[in-house]
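# Coordinate inspection notes
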Amino acid sequence: IVNFSLCGQEFRAISAGPYFKFNPSISFMVNFDPSKDPNAKTKIDEVWNKLIEGGKALMPIDKYPFSERYGWVEDKYGFSWQLILTNPNGEERPAIIPSLLFVGNKNGKALEASDFYISIFKDSKRGALALYGPGQEPNTEGNVMFTDFTLWNQWFVAMDGSGDQHEFFFNEAVSFIINCETQEEIDFYTEKLSAVPEAEQCGWVKDKFGVSWQITPTIMEEMMESGDREKIDRVTQAFLQMKKFDMEKLKEVFEGN
């Protein structure tokens, strides 16, 4: 496991073998804001040129109706990024925001899914919402062109894809961590989000839209960073047997009880 931060957005990378592959259903939108950085127009191209090395353009960087400069790129690791020159007069957003693309049999579910998530997480609200209108085929009129919203003060983007032409779906290659202080929180989020019981393992759950979440006790990080190899090994063996995390059991194992 490697933890790192990019422009204030926390990431965790896991070496998990060839079980799942990244795809554009979950990408990360990178905002280049001229009101914050006068060199934003130059930097968006610099970042694009680095990400495209060994990768491929899903939407070439260019001028689009919604932005003076935008591009969607899949990097050499298969990870997807949307680079956008933002409107300096718009409402402020973080530099990096995870983005969900609803395609295939989930096309048209972006509004329903975002409403569902907003209803579950505290400190949540909707930001922008733009729907497709008539004459924007192959997109369906009334589907979500773009919406963003916060969950627990973390911004997300959701969009509906065009028709059924995409051959990728949400999978476990990208998931979202929910840090829980109590067993009650773990129980709550597991009950609300888990829709595929056979997918439950080590705190991971898959919701009814196919998005994966890791419902994790905060004490786990403290245990894994303790530096005591014997304790870490005991905890690891214990949580590998769990579907939903049991905080009391983890504490007992960590202390050798």
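Residues numbered from 1 in each chain as written. Predicted model: local features only at pLDDT ≥ 70, side-chain atom pairs only at ≥ 80, totals over all residues. Heavy atoms only, no water.

### Section: the environment of glutamate 68
Condition: Strands are runs of DSSP state E lasting at least 2 residues, helices are runs of H or I lasting at least 4, and numbering of each runs from the N terminus. Any two residues whose heavy atoms approach within 4.5 Å are treated as being in contact.
If you trace the backbone, glutamate 68 turns up in strand S5 (residues 67-74). In this structure glutamate 68 touches Asp62, Lys63 and Leu85, once residues within four positions along its chain are discounted.

### A few points about the sheet that holds strand S4 (residues 56-64)
Here is the rule we go by: What makes two strands pair is DSSP finding at least two bridges between them. In this analysis, axes come from line fits to C-alpha atoms, helices being fitted only over the stretch in contact, and the angle between any two N-to-C directions falls in the range 0 to 180 degrees.
Spatially, the eight strands line up as an open sheet ordered S4-S5-S6-S3-S7-S10-S9-S8, and their pairing is mixed. Each of the sheet's edge strands pairs with one partner strand only, and the pair in question is S4 and strand S8 (125-131). Neighbouring strand axes in the sheet, compared pairwise and without regard to direction, differ in orientation by 20 degrees on average. Both strand S9 (residues 144-151) and strand S10 (residues 154-160) contribute to a ladder of five bridges, which runs antiparallel. Note that in S10 the partner of threonine 150 across the bridge is tryptophan 155. Sheet contacts for helix H1 (residues 40-51): strand S3 (26-32), S4, S5 and strand S6 (80-85); angle to S6, the most-contacted strand, approximately 165 degrees. Of the strands in this sheet, strand S7 (96-102), S8, S9 and S10 are in contact with helix H2 (residues 110-120), which crosses S9 at around 5 degrees.

### A closer look at unusual backbone geometry
A cis amide bond, omega 10 degrees, links glutamate 137 with the succeeding residue proline 138. Turning to its location among the elements, proline 138 is positioned in the loop between S8 and S9. One non-glycine residue, tryptophan 152, adopts positive backbone phi at about 55 degrees. Among the structural elements, tryptophan 152 can be located in the loop between S9 and S10.

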